Amino acid sequence: MAVPLLDLKGQYASIKGEIDAAIAGVAESQYFINGPQLKAFQEEAQAFLGASHAIGCASGSDALMLALWALGIGPGDEVITTPFTFFATAGAISRLGATPVFVDIEPGTFNIDPDGIEAAIGPKTVGILPVHLYGVSADMDRIGAIAKKHDLFVVEDAAQSIGATWNGAQTGTMGDAGCFSFFPSKNLGAWGDGGMVTSMNAELASTVSKLAKHGNFPRKYMHQMVGCNSRLDALQAAILRVKLGHLADWCEARRARAATYKALVADRGLADRVTFQEVPDPAVPVYHQCVVRVPSRDDVAAFFKERGVGHAVYYPLCLHLQECYAPLEYAVGSMPVAEQATEEVLALPIYPELTEAQQAEVIDTLAEALG
Ligand SMILES: *Cc1c(COP(=O)(O)O)cnc(C)c1O
């Protein structure tokens, strides 16, 4: 029995009536850009997160770029971030002409290590861009304190962490801005690309919103600044509204699946060889991915493939070692914790529709792979 890494068809089947009605509503309205669906989604997302402002945009990558753009970063500026993330995190910094400065990660959480941040701060540093990797919040107490001390902005990459909290606060609401992705495989996934920027700061939110509309202000065809066109369309907003109504239950179901994996790993006597991502006390995770460290990861992955068991490696190469960042001259070995993680991590299938039988099959496969 094959176990897929993700089962979006199963999710659709569980909410088909609601989704089909939402799509039909947009079809009837023929209102595709801006309009009531976008407005309602932004309000509902704001309420869900406890954010003061939410602005839909075309993707998570654009959300990061718009937030950093609104904060005014450009050539000569440095932004501190993690080397162990999806490329978009650092790419957004570079696209604006600024320079990413990488700081190694914590071995347990895989998130940026606050201990390394202060040493990386220099005269050109303007901000910190933490990622809440796999749906576990970075240490926002320490990151916030460092930012405050050095007068730096914090932009949160919450692309994988919608619904996750730190000391009860939603990820994406603790920094100057939060950036979300609605890529189909994310925990809140659209039927195409989509993203959102949140902020507690009215002025910053207003700049983000203007930048996403070609700097349009105060009237149509009047342009206060040069921006771009980055929109979350009505069809996506209507679909996301339906899914947002289920998100809290889905987060709970993901946590339950992760707990089941942990119990199965212990039960099969694998706990000394299979290490789960650490979840610090103040964090409530959402398991966008359920990632374990395993010995001989590539052999384990090959065995999973042979058995038709879904798995993935997020991420196989650190950002500081990417070809495009060769000019930054980071050496192999300069971020040892992140580099080791690229060789040991394995993501297991996790989604609300995953059954206990499937989970047992995943862990039995893992046990067999490890001998
Ligand atoms: C998915 C993702 C993004 C980018 O989102 P897109 O919507 O695909 O552009 C950015 N950062 C992280 C950590 C992500 O996982």
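Just so it is clear, the structure is predicted and the values come from calculations on it, not from any experiment.

Take the side chain of Thr173 next. Here Thr173 shows up in the loop between β7 (169-170) and β8 (177-181). From its side chain, Thr173 meets the backbone oxygen of Gln170 in a polar contact 2.6 Å long. Not counting chain neighbours up to four residues away, the residues in contact with Thr173 comprise Leu49, Gly50, Ala51, Glu156 and Met200.

Our focus in this paragraph is the site of the ligand. In the region of the ligand, 16 residues are neighbours, and Gly60, Ser61, Asp157, Ser181 and Lys186 sit closest. For the ligand, whose free accessible area comes to 380 Å², the fraction covered by protein is 93%. Among the elements that make up the shell around the ligand, the one with the highest residue count is helix α3 (residues 60-70) (three residues).

Below, the discussion takes up the sheet that holds β8. If you walk across this open sheet you meet the seven strands as β1-β9-β8-β5-β4-β2-β3, and the pairing is mixed. With partners counted over all chains shown, the strands left at the sheet margins are β1 (53-57) and β3 (99-102), one partner each. Across the sheet, the mean angle from the axis of one strand to that of its neighbour is 25°, orientation sign disregarded. Where β1 and strand β9 (residues 195-199) come together, five bridges link them in antiparallel fashion. Looking across to β9, one finds that Gly56 is bridged to Met196. On top of the sheet, helix α2 (residues 35-49) reaches β1, β8 and β9; it is set at about 130° to β1, its chief contact.

For helix α4 (residues 88-95), a buried count of six out of eight residues is recorded, marking the element as mostly surrounded by other parts of the structure. All of the buried residues along α4 are Ala88, Thr89, Ala90, Gly91, Ala92 and Ile93. Buried residues in α4 make contact with α3, β2 (78-81), β3, β4 (125-129) and β5 (153-157). Within two residues after α4, Gly97 carries a phi angle of roughly 90°, on the positive side.

Quick look at the domain arrangement of the protein chain now. By domain assignment, the protein chain separates into domain 1 (8-103 + 110-241) and domain 2 (247-369). Each of domain 1 and domain 2 has a C-alpha centre, and the two are 25 Å apart. For the pairing of domain 1 and domain 2, the buried interface totals around 3000 Å² over both sides, and the portion due to carbon and sulfur atoms is 69%. Counting the surface domain 1 buries against domain 2, the share from its top three residues, Phe110, Tyr134 and Asn187, is 25%. Linking domain 1 to domain 2 there are 13 residue pairs in polar contact (both at pLDDT 80 or more). Secondary-structure elements contributing two or more residues to the side of domain 1 that touches domain 2 are α1 (8-29), α4, β3 and β6 (165-166). Class assignment for the residues of the side of domain 1 that touches domain 2 results in 19 nonpolar, 16 polar and one charged.

In terms of residue burial, β8 counts as a mostly covered element, since five of its five residues are buried. Of the strand pairs in this sheet, β8 and β9 are connected by four bridges, and their pairing is antiparallel. Counterpart to Gly178 in the pairing with β9 is Thr198.

Considering all chains together, one arrives at twelve salt bridges under this definition. Here Lys149 and Glu118 are joined by a salt bridge, their closest N and O atoms 3.0 Å apart. Placement of Lys149 in helix α6 (residues 140-150) and of Glu118 in helix α5 (residues 114-120) is noted, with a sequence separation of 31 residues between them. Using a relative accessible area of 61% as the deciding quantity, one classes Lys149 as exposed.

Reading guide: rules and limits
Residues numbered from 1 in each chain as written. Predicted model: local features only at pLDDT ≥ 70, side-chain atom pairs only at ≥ 80, totals over all residues. Heavy atoms only, no water. Helix = DSSP H or I, 4+ residues; strand = E, 2+ residues; numbered from the N terminus. Polar contact = N/O pair within 3.5 Å; in protein donor to acceptor, adjacent residues only side chain to side chain. Contact = heavy atoms within 4.5 Å. Near = heavy atom within 4 Å. Areas by Shrake-Rupley, 256 points an atom, 1.4 Å probe, with all protein chains shown as cover. Pairing = 2+ DSSP bridges. Axes fitted to C-alpha atoms, helices over the stretch in contact; angles between N-to-C directions. Buried < 20%, exposed > 50% of the residue type's maximum accessible area, 1.4 Å probe, protein only. Domains from an automatic or database assignment. Buried area = accessible area lost by both parts, 1.4 Å probe. Nonpolar A, V, L, I, M, F, W, Y, C, P; charged D, E, K, R; others polar. Salt bridge = Lys/Arg side-chain N within 4 Å of Asp/Glu carboxyl O.

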